[in-house]
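Commentary on secondary and tertiary structure
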Amino acid sequence: MSLSHFTTPIYCTSSLTSESLMIASNVKKKKNSTALCLEDTKERIKNMFNKVELSVSSYDTAWVAMIPSQTSPQAPFFPQCLNWLLDNQLFDGSWGFSDRHPLLMNDALLSTLASILALKRWGIGDDQINRGLQFIESNIASINDEKQHPPIGFNILFPSLIEYAQILGINLPLGATSLEAMIQKKDIELQRGFQSNSEGWKAYLAYCSEGMQKSRDWEMIMKYQRKNGSLFNSPASTAAVYNHLKNTDCVNYLQSVLEKFGNAVPTVYPLDIYARLCMVDTLEKLGINHHFKEEIRSVLDETYRLWQQEVEEILLDPTTCAMAFRILRLNGYNVSSDPLYQYLEDNFENSLKGYLKDIGAVLELYKASQVIIYPEESVLVRLNSWTGHLLKQESSHFRLYADKLRSYVDCEVKDALNFPHYANWERLLNRRSMEHYNVEETRILKTSYRWASSCSSRNLANQEFLKLAVEDFNICQSIHSEELKQLSRWVEESKLDKLKFARQKLDYCYFSIAAALFSPELSDARISWTKNAVLATVVDDFFDVGSSEEEQKKLIQLVEEWDVDINTVCCSEIVKIIFSAVHSTICEIGVKSIKRQGRNVKNNVIKIWLNLMQSMFREAQWSRTNTVPTIDEYMQNACISFGLGPIVLPALYLVGPKLSNDDTENHELDCLYELMSTGGRLLNDIQTFKRESAQGKLNAVSLHIIHGNGVITAEDAIKDMKVIIEDKRRELLRLVLQEKGSVVPRDCKELFWKMNKASDLFYMKDDGFTSLEMHSSVNAVIKEPVVLSELLVDSQPNLVG
């Protein structure tokens, strides 16, 4: 569908209405207001990109503090860590976060006991030791509380620390029953693991090395040592291995971590790549990434450089690897899916996170598996199959370890399954993300941890994200409300509401673009999209049920002649209303295009509308004459008659980038249009097949049956069509993301993908455009503001197990 440019532009006499000028003025005011009230918040978030600050871990610091000096075994190798423990005991006698969640008491017990052992190991801090023991005595009952969220390896690590405490002569305030129960849990877990003898179990034991002091094959676990000298980027594991093997790379790693963090260490390091990718992902999900284009580009450029270098921090962690692949690919970086082969089902089960049943890792792999753009990407197909099945069938049995200790993790899984990336409208995703957002997020590995711009600020960073997202959403929504009011007046003044045969779908038409193209400065594109969508619906119903053959020919004739005085033309009132509305809308787009393109594109848009009307007339003729076209004839015509051309193509001129004559006549644009329209048409035909068959109408499904010589059933036809839809969808995404060799600007290509998403969502379950089921979604995007205070109350931690 070419946007052919006519060499002699014809300017209409109509101009922008006073209401259009008013809304443009209001948009400008809103935009200025947005910039003023959000500037401080944006600046604080920009600063967060510069440095990721991890919370330090009392537990890991205690293990590092227990390492003896190489020259004097009676002294600590890292006395600064010992001093840190002395200085950072909490008021209640524990170590860890002062604002810990009540369900993380076992984490506090583990950190406190490890800190006590480090002090006792070097014979200092008697007062701190006693206060720590009192804390343990007061809270030891939590180890038998099934509601508690134990750290990874707790059933091995805590009993092992108790045994070490006994060796050091510490009289722990534990009853015989509690001690026996803990030892029994440890024995059961060890027995189960050794019986399986899986690679995942071996990795888990290596990760919990500090809890297996007596009977470990220390040389065997060295296969898990990374290039930076660590074991799993865990200071505690690395310290335990160094204590037994005196491995130089281990101590070099620990020294490098202390050089960065001072006198204490975090529970995992490095984590910068993952943390920054999480920040980018969060900003995108909240819909505020457009405020940080330069910062995000810098993060992605660096991530891509490291991806190409195959750094372990990315490739050895399934969560980071999957997230990096998805975000890089969706932002136009040329990344191969090959690294994800290592996380196919069998391989994943044999990894540490597979053994831990980390639902966060599975979720990230599932989301990555959806970004297929090449036919030969079997790894993503296989990845999608097992992760999708697991999320649907078994996610409730998985522990919420690591990155996913959050109250809304079930909502995330549900969203991922119900709204695949190709049917996930941005503004609906943004709203759901705000409603599920946890401003007090705490993560847990062997101990709990956080990251933020300042870890002492109770993750103020997350509050800043949410605050900006809510303010941005509500300001955009207020602009959308004004635009919709203007459009409602346009429908009434154009008398389109008087056409009783036509579906009145203004809200849906506006929603289809406001949910995806929401920036205040893109008002012209939204108005054009919506008016043309309303008119395309009216014209579709006109050719389908609302007109005679003579009226249909007359409407086409008027558009072909164009410069006519409609008041002097002999035609029906219906034809007059439709032509006048189409005429004024095209002229308005032409005038607006001068500002954006430096030329009037009115003639281009006229041709697009003529193509649509002629294709609809052809279908009406087939129906009148009982003609049964071939499938190819039907699809060639139906891609145009589906009506997306007048909606999407004129909007290309109003989103910003200039389109030259070569751009608008380029084969790339034709391919984008064909892929979008074919997929949309087939989706529509699948969902309307039963209704249209009952009405005696033909569509792609019925034609496949007719031309199938009695062999093809409706189920067969629909199955084949779904394969075509998937192929078209993947090819469309590939073209949208492709940069090399592309002449169509990315902002313009995105419109085809946004319309493709609209088709997928509208026709996911039935004919959602005709039904009323989308009203709640429309209201959520356009009419119901988000209340920040309610979100802050709802987002308080409520951990689930």
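If you check an unreviewed UniProt entry, the protein chain appears there as ent-kaurene synthase from Crotalaria pallida. Of the comments in the UniProt record for the protein chain, the one headed Cofactor (unreviewed entry) reads "Mg(2+)".

Some words on the overall build of the protein chain
Helix and strand counts for the protein chain stand at 36 helices and 4 strands. Among the 801 residues that make up the protein chain, the fraction classed as buried is 59%. Residue pairs in contact within the protein chain that sit at least 24 positions apart in sequence constitute 75% of those at least 6 positions apart. Of the roughly 32800 Å² of accessible surface on the protein chain, 49% is carried by carbon and sulfur atoms.

Re the environment of Ile 143
The residue Ile 143 is located in the loop between helix 5 (126-139) and helix 6 (154-167) in this model. For the pair Ile 143 and Asp 107, spaced 36 residues apart in the sequence, the C-alpha separation amounts to 9.9 Å. Beyond its immediate sequence surroundings of up to four residues, Ile 143 is in contact with Asn 106, Leu 109, Phe 154, Phe 158, Ser 178, Met 182 and Lys 185.

Structural notes on the confidence of the model for the protein chain
In the predicted model, the protein chain carries a mean pLDDT of 88, and 89% of its residues have values of at least 70. Per-residue pLDDT, averaged within each element of the protein chain, yields its smallest value for helix 1 (residues 18-48) (66) and its largest for helix 2 (residues 58-65) (98). Throughout residues 1-17 the model reports pLDDT below 50, and contacts reaching past four residues in sequence, or to other chains, amount to 45 contacts. For the stretch residues 453-460, pLDDT sits under 50, and the model shows 17 contacts to residues farther than four places along the chain or on other chains.

Some points on the nonpolar core
If you look at the biggest cluster of nonpolar residues, it comprises 144 residues, and the most contacted ones within it are Phe 158 and Leu 340. Per element, the largest residue contribution to this core is 10 residues, and it comes from helix 4 (residues 105-121). For Phe 158, the residues in contact, after removing those within four places along its chain, are Leu 109, Leu 110, Leu 113, Ile 140, Ile 143 and Met 182. Listed in part, the 110 residues of the second largest apolar core include Leu 610, Ala 651, Phe 762 and Val 778.

Looking at the packing of aromatic side chains
Think of a pair of aromatic rings as described by two things: how far the centres are apart, and how the planes are tilted against each other in angle. Scanning the entire structure with this criterion turns up 21 aromatic pairs. Note on Trp 425 and Phe 762: the rings are 5.3 Å apart at their centroids and 85° apart in plane angle, and the pair reads as edge-to-face. Residue Trp 425 is found in the loop between helix 20 (409-418) and helix 21 (426-435), and its partner Phe 762 is found in helix 34 (residues 746-762); the two are separated by 337 residues along the sequence. Classification of Trp 425 as buried rests on a relative accessible area of 1%. Joined through ring pairs, the aromatic side chains of Phe 194, Trp 201, Tyr 204 and Tyr 355 make up one cluster. Above the face of the Phe 261 ring, Lys 260 is positioned so that its terminal group lies 5.9 Å from the ring centre.

What to know about unusual backbone geometry
In this structure, Pro 270 follows Tyr 269 across a cis peptide bond, with omega equal to 5°. Mapped onto the elements of the fold, Pro 270 is located in the loop between helix 11 (248-261) and helix 12 (272-286). A positive phi angle, near 50°, is found at Asn 197, a position not held by glycine. Considering the arrangement of structural elements, one finds Asn 197 in the loop between helix 7 (176-196) and helix 8 (199-207).

Quick look at helix 18 (residues 359-369)
An α-helical turn contains 3.6 residues, so a residue and the one three or four places further along point in the same direction. For helix 18, the buried fraction is high: 11 of the 11 residues fall into the buried class. Burial in helix 18 covers these residues: Ile 359, Gly 360, Ala 361, Val 362, Leu 363, Glu 364, Leu 365, Tyr 366, Lys 367, Ala 368 and Ser 369. Where the residues of helix 18 are buried, they touch helix 12, helix 15 (318-330), helix 16 (345-349), helix 17 (352-355), helix 19 (378-393) and helix 20. Regarding helix 18, its N-cap is Asp 358, as a side-chain oxygen of that residue lies 2.8 Å from the backbone nitrogen of Gly 360 further along.

Observations regarding the packing of helix 26 (residues 573-597) against helix 27 (residues 602-624)
The angle between the axes and the distance between the axes are what describe a pair of packed helices. In contact at an axis separation of 8 Å, helix 26 and helix 27 are set at 145° when each is read in the N-to-C sense. Handedness of the helix 26/helix 27 crossing: right-handed. Taken together, the residues of helix 27 that come into contact with helix 26 (itself represented by Val 582, Ile 586, Cys 587, Ile 589 and Gly 590) are Lys 602, Val 605, Ile 606, Trp 609 and Met 613. Residues of the contact of helix 26 with helix 27, tallied by class, amount to 8 nonpolar, 1 polar and 1 charged.

Some points on the pattern of salt bridges
One pass over the structure, following the stated rule, counts 42 salt bridges. Between Glu 412 and Lys 285 there is a salt bridge, with its nearest N and O atoms 3.3 Å apart. Remark: Lys 285 occurs in helix 12 and Glu 412 occurs in helix 20; sequence separation between them is 127 residues. When the shortest N-O distance is used, the salt bridge between Asp 540 and Arg 503 registers 3.1 Å. Of the two residues, Asp 540 sits in helix 24 (residues 523-544) while Arg 503 sits in the loop between helix 22 (460-493) and helix 23 (506-514), which places them 37 residues apart along the sequence. One network of salt bridges, in which partners are shared, links Asp 281, Lys 285, Arg 326, Glu 364, Lys 367 and Glu 412.

Brief notes about helix 12
End to end, helix 12 covers 21 Å across 15 residues, agreeing with the expected 21 Å (1.5 Å per residue, within 8%). For helix 12, the buried fraction is high: 13 of the 15 residues fall into the buried class. Looking one or two places after helix 12, you find Gly 287, whose phi comes out positive at around 80°.

Things to note about the side chain of Thr 238
Among the structural elements, Thr 238 can be located in helix 10 (residues 235-245). Those residues in contact with Thr 238 that lie beyond four places of it in its chain are Gly 229, Ser 230, Leu 231, Cys 250, Tyr 253 and Leu 254.

Examining the environment of Ile 45
Of note, Ile 45 is situated in helix 1. Spatially, the C-alpha atom of Ile 45 lies 7.0 Å from that of Glu 464, the residues being 419 residues apart in sequence. When sequence neighbours within four positions are dropped, the list of residues in contact with Ile 45 reads Leu 283, Phe 292, Glu 464, Phe 465 and Leu 468.

Description of the environment of Val 545
Looking at the secondary structure, you find Val 545 in the loop between helix 24 and helix 25 (549-561). The exposure class assigned to Val 545 is exposed, which follows from its relative accessible area of 55%.

Quick word on the state of the cysteines
Enumeration over the complete set of coordinates arrives at 0 disulfides. Free cysteine Cys 570: the closest other cysteine sulfur is in Cys 571, separated by 7.1 Å. For Cys 570, a relative accessible area of 72% corresponds to the exposed category.

Parameters at a glance
Residues numbered from 1 in each chain as written. Predicted model: local features only at pLDDT ≥ 70, side-chain atom pairs only at ≥ 80, totals over all residues. Heavy atoms only, no water. UniProt positions renumbered as here; feature names shortened; annotations may be inferred. Helix = DSSP H or I, 4+ residues; strand = E, 2+ residues; numbered from the N terminus. Buried < 20%, exposed > 50% of the residue type's maximum accessible area, 1.4 Å probe, protein only. Contact = heavy atoms within 4.5 Å. Areas by Shrake-Rupley, 256 points an atom, 1.4 Å probe, with all protein chains shown as cover. pLDDT = per-residue confidence, 0-100. Core = buried A, V, L, I, M, F, W, Y, C linked by side-chain atoms within 4.5 Å. Phe/Tyr/Trp six-rings, centres within 6.5 Å; stacked < 30°, edge-to-face > 60°. Lys NZ or Arg CZ within 6 Å of the ring centre and 35° of its normal. Polar contact = N/O pair within 3.5 Å; in protein donor to acceptor, adjacent residues only side chain to side chain. Axes fitted to C-alpha atoms, helices over the stretch in contact; angles between N-to-C directions. Left-handed = near helix turned anticlockwise from the far one by under 90°. Nonpolar A, V, L, I, M, F, W, Y, C, P; charged D, E, K, R; others polar. Salt bridge = Lys/Arg side-chain N within 4 Å of Asp/Glu carboxyl O. Expected span 1.5 Å × (residues − 1). Disulfide = S-S within 2.5 Å.

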